[in-house]
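What follows is each chain in one-letter form.
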Amino acid sequence: MLMMPKPDEAILARRYEIVAALKAIVPGEGVIDAARQMSVYESDGLTAYKQTPMVVVLPETVAQVSAVLLYGHNNNIKIVPRGAGTSLSGGALPLEDGILLGMAKFNRIIEIDYENRCAVVQPGVTNLGITKAVEHKGFYYAPDPSSQIACTIGGNVAENSGGVHCLKYGLTANNVLGIEMVLITGEIVRLGGKHLDSEGYDLLGLMTGSEGLLGVVTEVTVRILQKPETARAVLVGFPSNETAGQCVADIISAGIIPGGMEMMDRPAIHAVEEFVHADYPLDVEALLIVELDGPQVEVDHLIERVSAIARKNKSMNLRVSNSEAERVLFWAGRKAAFPAVGRISPDYMCMDGTIPRKKLPEVLSGMAKLSKKYDLAVANVFHAGDGNLHPLILFDANKAGELDRAEQFGADILRLCVKVGGVLTGEHGVGVEKRDLMPEMFTKVDLDQQLRLKCAFDDRGLLNPGKVFPQLHRCAEMGRVHVTGGKMVHPDLPRF
């Protein structure tokens, strides 16, 4: 009599079969299946959730990516794409029954075309790596997230990343001209190119910010810009968050579009100064960094206007950078805000929501009340110019209940953002972090329509499942989609 294998034996046999198939597609050291070696892939920047993947595959060619995706599609296997793993929303959280597709070996700059002011790069090239490759010619790549030294351009496309200079020069979506991508069926598709725009539907815009749910990017054509003739930064201290927030609104309403405009509150200022020693004033409640760039005569004129607006808003301290080294030091503090806060708290949760600029004082006041409600400190650093907030909630995961309180605090911050007319995310994406908050912003009709689009690209729901959508669904039965509400606690996800 033929004995059926035990369930665990069947699972092991299935895993062995998948690993063997992947090793045939990506030979050599391209497949990692040992638990200890896979542990480095168990989470991304949202370290509250961890999961060891079933297997990790590291392809080196587009053909290999295509073959892996086709194998997954034909055998109904889930696949999670991953770049550098710097995502702060759990966008690259692995699945124990899924393949983790790492794109780190796609790290070459293919072409630099100065005449067309663009560069063609593989998705594993770091954000800063693009600027380093072209700066000797006086060019740079504008989007500059704080993690730019490590984050990859493929991940930037997936999350539509921004940075401190996104106010004037835009997010990733405004600086990507074309991509090559592979669909779950293995089909290789090109969208856009070196030309300014293309006919038909804006599929390039659709892919930028799609969080790995629609396809895997294998090549990116980005816009590169000439460095401005002059760039100077103004460092301004204020007696309150409200006066700093009003200064931001007044600068924009005056028709001034700075290259970057960032704000930090007192806890963030002190943490950064102890870490970087950027000579920030410590007797202020809020600090604003305003960078003006362009022709020198224009920059000088705008500095005078910004200074006048700052004084009108009761600024306590105002300094203008007098050298490139001083300008870089001003920004070094802001760029190091996240690791600086990590020195003063065992753990922190970095939130990401966007609000109308005029609502900044109201939201900051609301966050202060929430801080008292949950008995957790918060340090605020954000892209003040475009209203993209990054509150850092400080907690200790070793203390019972603090992680739960931090998540509830964060959820209430995002609900507040939506309430005042804002959105759940500016550049970090939805991932698993904000997944269950999507109904706060979108109706059932909205979410159903978004899911239909997902199903058009991924008919079996195999690409990065469990991210973004708070719904259980089958693409073949979209008429039966059920929307679940929820809070920002994920009992179905592995905690550390």
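Keep in mind that what you see is a predicted model, and the values were worked out from it rather than measured.

A. Spotlight on the overall build of the chain. When you go through the chain residue by residue, the secondary structure sums to 16 helices and 21 strands. For 496 residues, the compact-globule formula gives about 23 Å, and the C-alpha radius of gyration of the chain, at 23 Å, lands near that figure. Its C-alpha atoms give the chain principal-axis dimensions of about 90 × 55 × 45 Å. Looking at the chain residue by residue over its 496 residues, the buried ones come to 55%. If you take every contact in the chain between residues at least 6 apart in sequence, the share linking residues at least 24 apart comes to 72%. Put simply, the chain shows about 21200 Å² of open surface, and 54% of that area lies on carbon and sulfur atoms. Counting 50 positive and 60 negative side-chain charges, the chain places the centres of these two groups 2 Å from one another.

B. Quick look at the nonpolar core. Core analysis: the biggest nonpolar cluster contains 86 residues, and Ile 179, Val 220, Met 263, Leu 288, Leu 292 and Ile 393 have the highest contact counts within it. Sort the elements by how many residues they give to this core and helix α14 (residues 402–419) lands first, with nine residues. Residues within four places of Met 263 in sequence aside, it is in contact with Asn 241, Ala 244, Gly 245, Ala 286, Leu 287, Leu 288, Leu 360, Leu 364, Asn 380, Val 381, Phe 382 and Ala 384.

C. Looking closely at the sheet that holds strand β9 (residues 188–192). The strand order β5-β6-β10-β8-β9 describes an open sheet built from five strands, whose pairing is antiparallel. Unpaired on one side and paired on the other, β5 (109–113) and β9 mark the two borders of the sheet. Averaged over all neighbouring strand pairs, the angle between strand axes comes to 10 degrees, with direction disregarded. Inspection of the sheet shows strand β8 (residues 176–182) paired to strand β10 (residues 216–223) by six bridges, in the antiparallel sense. Residue Val 176 lies in a different strand from β10, and its bridge partner there is Val 222. Each of β5, β6 (118–121) and β10 is contacted by helix α4 (residues 127–134), which is oriented at about 50 degrees to β5, the strand it contacts most.

D. Local environment of the side chain of Asn 380. Looking at where Asn 380 falls in the secondary structure, it is placed in strand β18 (residues 378–383). Here Asp 265 takes part through its side chain, which lies 3.0 Å from a polar atom of the side chain of Asn 380.

E. Just the pattern of salt bridges, in detail. Across all of its chains, the model carries 27 salt bridges by this definition. With its nearest N and O atoms 2.7 Å apart, the salt bridge here joins Glu 111 to Lys 194. One end of the pair, Glu 111, is in strand β5; the other, Lys 194, is in the loop between β9 and α7 (203–207), and 83 residues separate them in sequence. The class for Glu 111 is partly exposed, based on a relative accessible area of 34%. Looking at Lys 194, the relative accessible area reads 33%, which means it is partly exposed. The shortest N-O distance in the salt bridge between Glu 180 and Arg 190 comes to 3.3 Å. In this pair, Glu 180 is assigned in strand β8 and Arg 190 in strand β9, connecting sequence segments 10 residues apart. Using a relative accessible area of 9% as the deciding quantity, one classes Glu 180 as buried.

F. Structural detail: the sheet that holds strand β2 (residues 55–57). Strand order in the open sheet formed by four strands is β1-β2-β4-β3, and the pairing between neighbours is mixed. Strands with a single pairing partner mark the edges of an open sheet, and in this sheet they are β1 (31–32) and β3 (78–82). When β3 meets strand β4 (residues 98–102), the two strands line up parallel, connected through five bridges. Pairing of Pro 81 across the sheet is with Leu 101, part of β4.

G. Up close: the pairing of strand β14 (residues 286–294). Among the nine residues in β14, nine count as buried, and that is most of the element. Both faces of β14 are covered, namely the face carrying Ala 286, Leu 288, Val 290, Leu 292 and Gly 294 and the face carrying Leu 287, Ile 289, Glu 291 and Asp 293. The pairing of strand β12 (residues 230–238) with β14 spans nine bridges and is classified as antiparallel. Within β14, the residue paired with Arg 232 across the bridge is Leu 292. In this sheet, β14 lies alongside strand β13 (residues 260–265) in antiparallel orientation, the contact comprising six bridges.

H. Structural view of the layout of surface pockets. Approximately 840 Å³ is the volume attributed to the second largest pocket. Along the wall of the second largest pocket there are 45 residues; nearest its centre are Thr 86, Ser 87, Cys 151, Gly 155 and Glu 159. When residues of the lining of the second largest pocket are traced back to their parent elements, those giving at least two are β3, α5 (153–159), β10, α11 (324–335) and α12 (337–342). The biggest single contributor to the lining of the second largest pocket is α5, with six residues.

I. Up close: helix α10 (residues 296–312). In this model α10 runs 24 Å from its N-terminal to its C-terminal C-alpha over 17 residues, within 8% of the 24 Å that 1.5 Å per residue would give. Among all positions in α10, only Val 299, Leu 302, Ile 303, Val 306, Ser 307, Ile 309 and Ala 310 are buried. Each buried residue of α10 sits inside an arc of 160 degrees when the element is viewed along its axis, so together they form one side. Across from the buried face of α10, at angles greater than 90 degrees, the exposed residues are Val 297, Glu 304, Arg 311 and Lys 312. Those residues of α10 hidden inside the fold are in contact with β12, α8 (241–253), β14 and β15 (317–320).

What counts and what doesn't
Residues numbered from 1 in each chain as written. Predicted model: local features only at pLDDT ≥ 70, side-chain atom pairs only at ≥ 80, totals over all residues. Heavy atoms only, no water. Helix = DSSP H or I, 4+ residues; strand = E, 2+ residues; numbered from the N terminus. Rg over C-alpha atoms; globule rule 2.2 N^0.38 Å. Buried < 20%, exposed > 50% of the residue type's maximum accessible area, 1.4 Å probe, protein only. Contact = heavy atoms within 4.5 Å. Areas by Shrake-Rupley, 256 points an atom, 1.4 Å probe, with all protein chains shown as cover. Lys, Arg positive; Asp, Glu negative; His and termini not counted. Charge placed at Lys NZ, Arg CZ, Asp CG, Glu CD. Core = buried A, V, L, I, M, F, W, Y, C linked by side-chain atoms within 4.5 Å. Pairing = 2+ DSSP bridges. Axes fitted to C-alpha atoms, helices over the stretch in contact; angles between N-to-C directions. Polar contact = N/O pair within 3.5 Å; in protein donor to acceptor, adjacent residues only side chain to side chain. Salt bridge = Lys/Arg side-chain N within 4 Å of Asp/Glu carboxyl O. 1 Å grid on protein atoms, 1.4 Å probe; cavity = no way out; pocket = protein on both sides within 12 Å on 5 of 7 lines; lining within 4 Å. Points joined across faces, edges and corners; volume = space filled by probe spheres on them. Expected span 1.5 Å × (residues − 1). Arc of directions from axis to C-beta.

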